[in-house]
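Architecture at a glance
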Amino acid sequence: MTEKLLYDQTDHIVTLTFNMPETRNALTDRDLCVAIVAAMHRINADQSVRCAIVTGAGKAFSSGGNLKHMRDKESIFGGDAVDAKDGYRSGIQQVAKAMWECEVPLIAAVNGPSYGAGCDTTCLCDIRIASTAATFAENFVRVGLISGDGGAWLLPRQVGLSRAAEMTFTADPVDAATALEWGLVSSVVEPEELLPEARKLAARIAKNPPRQLRMAKRLLREGLNTRLDTVLELAAAYQGACHQTKDHMEAVNSLLEKRDADFTGR
């Protein structure tokens, strides 16, 4: 049986690939949801991982929901209203929580169409790089639904409320150039350059001390919803811990000695 999520680690970088091109990597498949959640837990538990890339196999990043499953009331869409609610809570919403709580920086390498839950999944990542073939659509109303995976919370934080409302209410796709203009992605590259560019960026991130990367990401997350004084208090505690690490001293010494640092996570 083909793995629905590919997990590959090279040095300190993990690449996760949605591997269901026959469904354009539909994220409402229960097995795929379980695999993504497990991968996030695996990354969090592995201190050797400093950065992760998320991409899709085939021509699409993700089509979001599987239309055949919607029609046939299968997978997370099955049963009555209560069953569907439970299906979302135990399926795609667990993916959203696990990806949002991933401790290492996540880079979305968006290789093609990213619709519905696929679009929202890119927003769960810290950085997005798009191929020129990428498109983004918050197209839930087009299929008579609303975002069930946190898109109403995620998308405005990436593009602002007005543009998020435009994407949500029209359900129209946004091309890569527009996504760049709106700040939804950091850069746009040719398709053949997408993964190499994502790996270069991941390498720039992964050269830094691993525990400090995880703490820095946590501070950014807390800063989205927490008062400044609370973030300052948390930052002070984190700084106190950082000052006691061997990696902090290695960073300082390597700069003073004009050499590359060798971080151990200690």
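Each chain has its residues counted from 1, running along the sequence as written. Per-residue local features are limited, in this predicted model, to residues with pLDDT of at least 70; the limit for side-chain atom pairs, both in listing and counting, is 80 or more; totals at the level of whole chains, interfaces and linings are taken over all residues. Heavy atoms throughout the structure, all of them, feed into the side-chain values; hydrogens and water do not.

1. Concerning the overall build of the protein
The line we're drawing: Secondary structure elements are defined from DSSP: runs of H or I of at least 4 residues count as helices, runs of E of at least 2 residues count as strands, and each element is numbered from the N terminus. We call a residue buried when its accessible area falls under 20% of the maximum for its residue type, exposed when it is over 50%, and partly exposed in between, using a 1.4 Å probe and counting protein chains only. Here, two residues are considered to be in contact whenever any of their heavy atoms come within 4.5 Å of each other. Areas reported here follow the Shrake-Rupley algorithm with a probe of radius 1.4 Å; residue values treat only the protein chains shown as occluding.
The helix and strand inventory of the protein stands at 12 helices and nine strands. For the protein, the spread of C-alpha atoms along the three principal axes comes to 65 × 40 × 40 Å. Per-residue burial over the protein gives 46% buried out of 266 residues. In the protein, of all internal contacts separated by at least 6 residues, the share reaching a separation of at least 24 is 67%. Accessible surface computed for the protein: about 13500 Å², of which carbon and sulfur atoms make up 54%.

2. Considering the sheet that holds strand S7 (residues 135-137)
Cut-off, in case you're wondering: DSSP bridges decide pairing: two strands pair if at least two such bridges lie between them.
Spatial ordering of the open sheet is given by S5-S7-S8, a layout of three strands whose pairing is mixed. Of all the strands in the sheet, just strand S5 (113-115) and strand S8 (174-175) have a single pairing partner and so form its edges. With three bridges joining them, S5 and S7 adopt parallel strand pairing. Residue serine 114 lies in a different strand from S7, and its bridge partner there is phenylalanine 136.

3. Focus on helix H10 (residues 210-223)
As a reminder of what qualifies: Each helix should span, by expectation, one fewer than its residue count multiplied by 1.5 Å.
For H10, built from 14 residues, the straight-helix expectation of 20 Å at 1.5 Å per residue is met to within 8% by its first-to-last C-alpha distance of 20 Å. Of the positions making up H10, those classed as buried are Pro210, Gln212, Leu213, Arg214, Met215, Lys217 and Arg221. Its buried side turned inward, H10 meets helix H1 (30-45), helix H4 (92-100), strand S4 (106-110), helix H9 (194-206), helix H11 (228-243) and helix H12 (246-256).

4. Remarks on the nonpolar core
Stated formally: Residue types Ala, Val, Leu, Ile, Met, Phe, Trp, Tyr and Cys, when buried and joined through side-chain atoms within 4.5 Å, form a set referred to as a nonpolar core.
In terms of nonpolar packing, the biggest core is built from 51 residues, with Ile43, Met99 and Phe136 touching the most fellow members. In terms of residues, this core owes the most to one element, H1, which gives seven residues. Within the second largest apolar cluster, 14 residues are counted, among which are Ile53, Leu201, Ala202 and Ala206.

5. Notes on the side chain of asparagine 25
Relative to the elements of secondary structure, asparagine 25 occurs in the loop between strand S2 (13-18) and H1. With near-sequence residues (within four places) excluded, asparagine 25 lies in contact with Phe18, Asn19, Met20, Gly56, Ala57, Ala60, Phe61, Ser62 and Ser63.

6. Focus: helix H6 (residues 151-159)
Stated precisely, the cut-off is as follows: Picture the helix axis, draw a direction to every C-beta atom, and the arc is the one those directions span.
By the burial criterion, the buried members of H6 are Gly151, Leu154, Leu155 and Val159. For H6, the arc enclosing every buried residue in end-on projection is 100°, short of the 170-degree limit, so these residues lie on one face. On its buried face, H6 sits against H4, helix H5 (117-123), helix H7 (161-170) and helix H8 (176-182). Glycine 160 lies just past H6 and shows a positive phi near 90°.

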